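Observations on the three-dimensional arrangement
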Amino acid sequence: MTHTLSNQRDAVAASLWVASTSLTLRSDGVAASIRACAAFKCERSLSSQEAFEALSVILTEKNPTLGLRVFQACGALDLVIPTVEDMIALSQEPDRKHKDVWEHTLAVISGVPNTLTLRLAALMHDIGKPATFKIVAGKGPTFHNHPIVGARLTESMLRDAKSPNSLTESVSWLVAHHLRPAEHSEEWSDSAVRRFVKECGDRASDLMTLSKADLTTRNPVKIKRAQKNADDLLAKMDRVIAEDAVTQALRKGFGDWLIQRWGLSGRDIGIVKRQVESLVDSGELPRSADFSVYESAVESAVKTLNSEIEMCKC
């Protein structure tokens, strides 16, 4: 590594270059250059937007983790993620009984495909851990609710860095939900799987990819168990999606039944039908069942509809 480093901008340029190479920490001069970058840690020669633009390039290069080490060492990463030093400090806690959060984060980044959304989500996925870290008697280290806390921090940081809204929303959602696939168990019913599929929408693939990459344990038993759990969930998701593609939510004639049984007409038929379909799609009601199964749901929808009409009259 031959870059001359005289300020923070030089160090950022070096991080961009390193990210595009195949160098490693053991390559000549790399470790020394990273240490030298610490001299610029307190400089603020870049705006958070400029730092984010550089970070986006680093994350989508072939060697993002080494680029991130240089980027972090010179203080540029702190301009985008002000709490990154807290995460690294947590990793260096004496007598630590939890995984090294910073090294784990870099491993997760290496484990996801080269897309900015996934690599940014991998970088941010445990950012809520320092704020939620506690030692609980009898349990040891805990990070209760860190995905939600992390998602809020992620959204705030990315908006401050002028990240595009669509990217901010996707990354924040992935951070908030990154533990959801691991919550799957054999007890999940088809209805629960359908709710999960609906909750994920078109982000399901990215979420499952991030969840798999998040498994960085070296324990072969844990790896095998987690991989089986993920494979089982994917199989269930594929099955219910395939079934729903050929099975209508409501059988033919439901609209006529609403007219004859409930006396509905016009737009009210569509309003009630959509509400019942939403309950079916979420797994709260069965698909293509006898119309009588939906009596209670229709009754509730009709009451809501009538109350809204009465309010409008007032």
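Please refer to the structure placed before this passage.
My aim in this report is to walk through the structure given alongside it, one point at a time. Treat the numbers as computed from the prediction; the structure is a model and nothing was measured.

Re the packing of helix 15 (residues 254–262) against helix 16 (residues 267–281)
Viewed as axis vectors pointing N to C, helix 15 and helix 16 meet at an angle of 120°, and their least axial separation amounts to 10 Å. Taken together, helix 15 and helix 16 sit at an angle that is classed as oblique. In this structure, helix 15 meets helix 16 at a crossing whose hand is right-handed. On helix 16, the residues that touch F254, G255, L258 and I259 of helix 15 are I269, V272, K273 and V276.

So, unusual backbone geometry
Even without a glycine there, the phi angle at N145 is positive, about 70°. Turning to its location among the elements, N145 is positioned in the loop between strand 2 (140–142) and helix 10 (146–160). Here N145 falls in the partly exposed class, since its relative accessible area comes to 40%.

Comments concerning the nonpolar core
Membership of the largest hydrophobic core comes to 71 residues, with the highest contact counts inside it found for L55, F71, I81, L120 and L123. When neighbours within four sequence positions are excluded, L120 is seen to be in contact with F52, L55, L59, L158, L167 and V171. Core analysis: the next-biggest nonpolar cluster, separate from the first, contains 20 residues, V280, F291, V302 and L305 among them.

Overview of the side chain of T132
Topologically, T132 is positioned in helix 9 (residues 129–132). Every residue in contact with T132, bar those within four places of it in the chain, is listed here: T142, F143, H144, N145, H146 and V149.

With respect to the pattern of salt bridges
Applying the stated criterion across every chain, the model contains 18 salt bridges. With its nearest N and O atoms 3.5 Å apart, the salt bridge here joins D126 to K129. One exposure class covers both D126 and K129, and it is buried. E243 is paired through a salt bridge with R194; the nearest N and O atoms lie 3.3 Å apart. Of this pair, E243 sits in helix 14 (residues 220–246) while R194 sits in helix 12 (residues 190–200), placing them 49 residues apart in sequence. For R194, a relative accessible area of 12% gives the class buried. What emerges from the salt-bridge pattern is a single network uniting D190, R194, R239, E243, D244, D281 and R287.

Rules of the game
Residues numbered from 1 in each chain as written. Predicted model: local features only at pLDDT ≥ 70, side-chain atom pairs only at ≥ 80, totals over all residues. Heavy atoms only, no water. Axes fitted to C-alpha atoms, helices over the stretch in contact; angles between N-to-C directions. Helix = DSSP H or I, 4+ residues; strand = E, 2+ residues; numbered from the N terminus. Parallel < 35°, antiparallel > 145°, perpendicular 65-115°, else oblique. Left-handed = near helix turned anticlockwise from the far one by under 90°. Contact = heavy atoms within 4.5 Å. Buried < 20%, exposed > 50% of the residue type's maximum accessible area, 1.4 Å probe, protein only. Core = buried A, V, L, I, M, F, W, Y, C linked by side-chain atoms within 4.5 Å. Salt bridge = Lys/Arg side-chain N within 4 Å of Asp/Glu carboxyl O.

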